[in-house]
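# Structural characterization, general
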Amino acid sequence: MNSPSSRPRPRAILRIHFHLVERTEELYGQLLAVVEGISSRVEPLPADWSAYVDLTGALTYWGQDTEGLVAVIRLRLLALHGVPSSAGAGPTRSIAAMAADLTPPGAATVVRDDPYEIASFLRTKPASALPGIGPKTVRTLTRYGITSVGDIADAQLPTLQRILGTTAARLAHDRAHGIDERPVVPGAAPRAMSSAHRFERDELDIDRHHRTVLGLVQDLGSRLRTSGEIARALTLTVTYADRTQTTRTRTLTEPTAHTPALAATARELLTSLGLQRARVRTLALRAERLRPAEDTAHQLTFDDRDDKLRRLETALDKAATRFGSGVAGAASTFPRAG
């Protein structure tokens, strides 16, 4: 019989979601720093404001079980930044993700690294709950009467291979048995930059929405050029009177920090939301997937209008640096993109 010291340490992977009222990459980075104070193995997932965390080594270091350490992380996030969170934890990434998906805001679900507890958690779930099992695979399995994770676990691997093919069958078989060797890969959140405006009262005027977004564009464009960066995509987030949010992202035609190009995309994003009767509390614009400006060459054209705008932009940036940002005027002073 193995002694307790010779047994492998139970694995503990956490998937944590940050429930932010106003989403900015600065705050997201601060939240990740709080989590990294508990475990250095943090994998940011900025697309949905969440992260994976490998707590396996941290359990011993902090002398806590998984439930206790998850509670410490969530309490620190709330105490230091006022940000509530929800979390799912388990011995693998897929179980942690499933647990997080089932957990309401402000709560946590923990599945311990125990074969009986893993099976009890997995078997009753629908097949669609398994990460990596898409709608097409679910429809195929359903035709054969396989509708739950337990059904997948009970099916022989050769049978699943005949139904799904070798690769998909192996993935479904492993996930259904709680097998997922994918590690948490630490890394920094992809670089982004944001600007936001909160109205003094809920704003219904669509013209004010547009003017505000254009002001955010000017701020972002100036900051991008100052830092020598260009953006590959823009994300517009609208927070309404009831604190619900709508987010839209659009990839730019070419990476840029050019205000008119950013403004054209921002206007498209805002128009696509159809906010004619919406009571808007906050508008936030985020420039995403930043890279150094020297990494991408501007596409040359025979239209000297664009060159004139770029020269004007450079002059305004210099004036803003010398006299303050207010001297540069509003982004609406640029001609509308055709």
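Residues numbered from 1 in each chain as written. Predicted model: local features only at pLDDT ≥ 70, side-chain atom pairs only at ≥ 80, totals over all residues. Heavy atoms only, no water.

Taken together, the buried positions of helix 9 (residues 166-176) are Ala-169, Ala-172, His-173, Asp-174, Arg-175 and Ala-176. Contacts from the buried residues of helix 9 go to helix 4 (93-101), helix 5 (115-123), helix 7 (149-154) and helix 8 (157-164). Just downstream of helix 9 lies Gly-178, where phi reads positive at about 75 degrees. (Buried < 20%, exposed > 50% of the residue type's maximum accessible area, 1.4 Å probe, protein only. Helix = DSSP H or I, 4+ residues; strand = E, 2+ residues; numbered from the N terminus. Contact = heavy atoms within 4.5 Å.)

When you tally the buried positions in strand 4 (residues 85-90), you get 6 out of 6 residues, the bulk of the element. By the alternation rule, side chains of strand 4 split into Ser-85, Ala-87 and Ala-89 and Ser-86, Gly-88 and Gly-90, which are all buried. Relative to strand 4, strand 1 (residues 13-18) is paired through 6 bridges, and the arrangement is antiparallel. Across the sheet, residue Ile-13 finds its bridge partner in strand 4, namely Gly-90. Where strand 4 meets strand 5 (residues 108-110), 3 bridges bridge the pair, whose relative direction is parallel. Within strand 5, the position partnered with Gly-88 by the bridge is Thr-109. Traced from strand 4 through helix 4 to strand 5, the parallel crossover comes out left-handed. (Pairing = 2+ DSSP bridges. Right-handed = clockwise from strand over helix to strand, strands pointing away.)

Turning our eyes to something else, we now look at the packing of helix 10 (residues 206-227) against helix 11 (residues 259-273). Contact pair helix 10 / helix 11: the axes reach a minimum separation of 9 Å and the direction vectors enclose 145 degrees. For the pair helix 10 and helix 11, the crossing hand works out as right-handed. Where helix 10 approaches helix 11, its residues His-209, His-210, Val-213, Leu-214, Val-217, Gln-218, Gly-221, Leu-224 and Arg-225 are matched on the opposing element by Thr-259, Leu-262, Ala-263, Ala-266, Arg-267, Leu-270 and Thr-271. Here the contact of helix 10 with helix 11 is composed, by residue class, of 8 nonpolar, 6 polar and 2 charged. (Axes fitted to C-alpha atoms, helices over the stretch in contact; angles between N-to-C directions. Left-handed = near helix turned anticlockwise from the far one by under 90°. Nonpolar A, V, L, I, M, F, W, Y, C, P; charged D, E, K, R; others polar.)

Turning our eyes to something else, we now look at the environment of Arg-15. Locating Arg-15 in the fold gives a position in strand 1. Along the sequence, Arg-15 and Gly-88 sit 73 residues apart, while their C-alpha atoms lie 5.3 Å from each other. Side chain to side chain, Arg-15 and Ser-50 meet in a polar contact 3.2 Å long. A distance of 3.1 Å separates a polar atom in the side chain of Arg-15 from a polar atom in the side chain of Tyr-52. (Polar contact = N/O pair within 3.5 Å; in protein donor to acceptor, adjacent residues only side chain to side chain.)

Membership of the largest hydrophobic core comes to 29 residues, with the highest contact counts inside it found for Leu-224, Leu-234, Leu-236, Val-238, Leu-275 and Leu-285. Mapped by element, the contributors of at least two residues to this core are strand 6 (193-203), helix 10, strand 7 (229-240), helix 11 and strand 9 (280-288). Contact partners of Leu-224, with chain neighbours within four places excluded, come to Met-193, Glu-229, Ala-231, Thr-256, Ala-257, Leu-262, Ala-287 and Leu-290. In terms of nonpolar packing, the next biggest core, distinct from the first, is built from 26 residues, Leu-14, Leu-27, Val-34 and Leu-77 among them. (Core = buried A, V, L, I, M, F, W, Y, C linked by side-chain atoms within 4.5 Å.)

Tracing the sequence through the fold places Ser-86 in strand 4. Here Ser-86 falls in the buried class, since its relative accessible area comes to 3%. Beyond its immediate stretch of four places on either side in the chain, Ser-86 contacts Arg-15, Ile-16, His-17, His-19, Arg-74, Thr-103, Pro-104, Pro-105, Gly-106 and Ala-107.

To continue, consider the environment of Ala-119. As for its position among the elements, Ala-119 is in helix 5. Judged by relative accessible area, which is 31%, Ala-119 ranks as partly exposed.

Residues with a pLDDT of 70 or more make up 83% of the chain, whose mean pLDDT is 85. Scored below 50 in pLDDT, residues 3-7 makes 1 contact in the model with residues more than four places away or belonging to other chains. (pLDDT = per-residue confidence, 0-100.)

What follows is about the pattern of salt bridges. Per the stated rule, a full pass over the model turns up 13 salt bridges. Taking the shortest distance from any N to any O, the salt bridge between Glu-117 and Arg-112 comes out at 3.5 Å. Ionic contacts of the salt-bridge type, sharing partners, join the residues Glu-67, Arg-112 and Glu-117 into one network. (Salt bridge = Lys/Arg side-chain N within 4 Å of Asp/Glu carboxyl O.)

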